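# Examining the three-dimensional arrangement
The chain contents come next:
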Amino acid sequence: MLRNLAAAVAYYLYNGFITHVPFYSIRHAYLRGILGFPIGRGTAVHMGCFFTGRRISIGADSVINRRCYLDGRAGLVIGDKVSVSPECYILSLTHDVNSPDFKAIPKPVEIKDYVWLGARCIILPGVTLGEGCVAAAGAVVSKPAEDYAIVAGVPARKIGDRQRGLNYAPRYFPLFDTDITL
């Protein structure tokens, strides 16, 4: 019970306060040191992001943009060189709609290298997004997407393919809560 209380306080402090501190080093130190999330070198977790669950890992050279919701209750793995645009929701837990006691159903999410999530897209529990996949802005992704697929819509459906051979790192460290960089 005390362990759960301590964890709740740690998440509350991050989600209520630390996430609004305008220094990447402080936010990243808290996520790594207090919440215990592996976060790769060169990754930027922007201000206003909300974290829940203990099983989150983020690879190297990735960007988690402003006001995203990352749910690691069932497990969330984000690869290297991933770009998560503002206000995305990534969920790893759902409920059985026919269960009389609203049974929780854990379904881990995996987002592989070079994935690009457009603004305000939603990734539902159990989804794997293949390498280089793009989920368009506003998409609701309820099924796995193959490598380099471009998916869009509600529910998301494949609308095209992305060019292979990607070789970039979406390094994006704006100052404070702006789009201004040095």
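Residues numbered from 1 in each chain as written. Predicted model: local features only at pLDDT ≥ 70, side-chain atom pairs only at ≥ 80, totals over all residues. Heavy atoms only, no water.

Below, the discussion takes up the overall build of the protein. Broken down by element type, the protein carries 2 helices and 18 strands. Taking 182 residues into account, the globule formula puts the C-alpha radius of gyration at 16 Å, and the protein, at 16 Å, falls close to it. Projected onto its principal axes, the C-alpha coordinates of the protein cover approximately 55 × 50 × 25 Å. Evaluated residue by residue, the protein yields a buried proportion of 44% over its 182 residues. Considering only intrachain contacts with a sequence separation of at least 6, the fraction spanning at least 24 residues in the protein is 29%. In the form shown here, the protein has an accessible surface area of approximately 9500 Å², with 59% of it arising from carbon and sulfur atoms. Within the protein, one finds 20 positive and 14 negative side-chain charges whose respective centroids are separated by 3 Å. (Helix = DSSP H or I, 4+ residues; strand = E, 2+ residues; numbered from the N terminus. Rg over C-alpha atoms; globule rule 2.2 N^0.38 Å. Buried < 20%, exposed > 50% of the residue type's maximum accessible area, 1.4 Å probe, protein only. Contact = heavy atoms within 4.5 Å. Areas by Shrake-Rupley, 256 points an atom, 1.4 Å probe, with all protein chains shown as cover. Lys, Arg positive; Asp, Glu negative; His and termini not counted. Charge placed at Lys NZ, Arg CZ, Asp CG, Glu CD.)

Here aspartate 71 lies in strand β5 (residues 69–71). Judged by its relative accessible area of 0%, aspartate 71 falls in the buried class. A distance of 2.9 Å separates the side chain of aspartate 71 from the side chain of arginine 73, its partner in a polar contact. Apart from residues no more than four positions distant in its own chain, aspartate 71 is found in contact with Thr52, Ile56, Leu76, Ile90, Leu91, Ser92 and Leu93. (Polar contact = N/O pair within 3.5 Å; in protein donor to acceptor, adjacent residues only side chain to side chain.)

To continue, consider the packing of helix α1 (residues 2–16) against helix α2 (residues 24–34). Viewed as axis vectors pointing N to C, α1 and α2 meet at an angle of 165°, and their least axial separation amounts to 11 Å. Here α1 is positioned roughly antiparallel relative to α2, judged by the angle of their axes. In this structure, α1 meets α2 at a crossing whose hand is left-handed. Seen from α1, the contacting residues are Ala10, Leu13 and Tyr14; seen from α2, they are Arg27, Tyr30, Leu31 and Ile34. (Axes fitted to C-alpha atoms, helices over the stretch in contact; angles between N-to-C directions. Parallel < 35°, antiparallel > 145°, perpendicular 65-115°, else oblique. Left-handed = near helix turned anticlockwise from the far one by under 90°.)

What follows concerns the sheet that holds β5. Strand pairs in the sheet, formed through backbone hydrogen bonds, run parallel or antiparallel to each other. One open sheet holds the 5 strands; their spatial order is β2-β5-β8-β13-β16, and the pairing between them is parallel. Strands with a single pairing partner mark the edges of an open sheet, and in this sheet they are β2 (50–52) and β16 (140–141). (Pairing = 2+ DSSP bridges.)

The phi torsion of most residues other than glycine is negative, and most of the peptide bonds are trans. Note that the residue after valine 154, namely proline 155, is joined by a cis bond; omega there is -5°. Following the sequence through the fold, proline 155 ends up in the loop between β17 (149–152) and β18 (157–161). Backbone geometry at aspartate 61 places phi at a positive 55°, although glycine is not the residue there. Among the secondary structure elements, aspartate 61 is positioned in the loop between β3 (56–58) and β4 (63–64). The backbone of arginine 120 shows a phi angle near 60°, a positive value even though the residue is not glycine.

It is worth spelling out α1 at this point. Taking 1.5 Å as the rise per residue, α1 with 15 residues should run 21 Å; its terminal C-alpha atoms sit 20 Å apart, in good agreement. What α1 keeps buried is the set Ala7, Ala10, Tyr11, Tyr14 and Asn15. Buried residues of α1, viewed axially, fall in a sector of 120°; they line one side. Opposite the buried face of α1, by more than 90 degrees, sit the exposed residues Leu2, Leu5 and Tyr12. Next to the buried residues of α1 lie α2, β1 (44–45) and β2. (Expected span 1.5 Å × (residues − 1). Arc of directions from axis to C-beta.)

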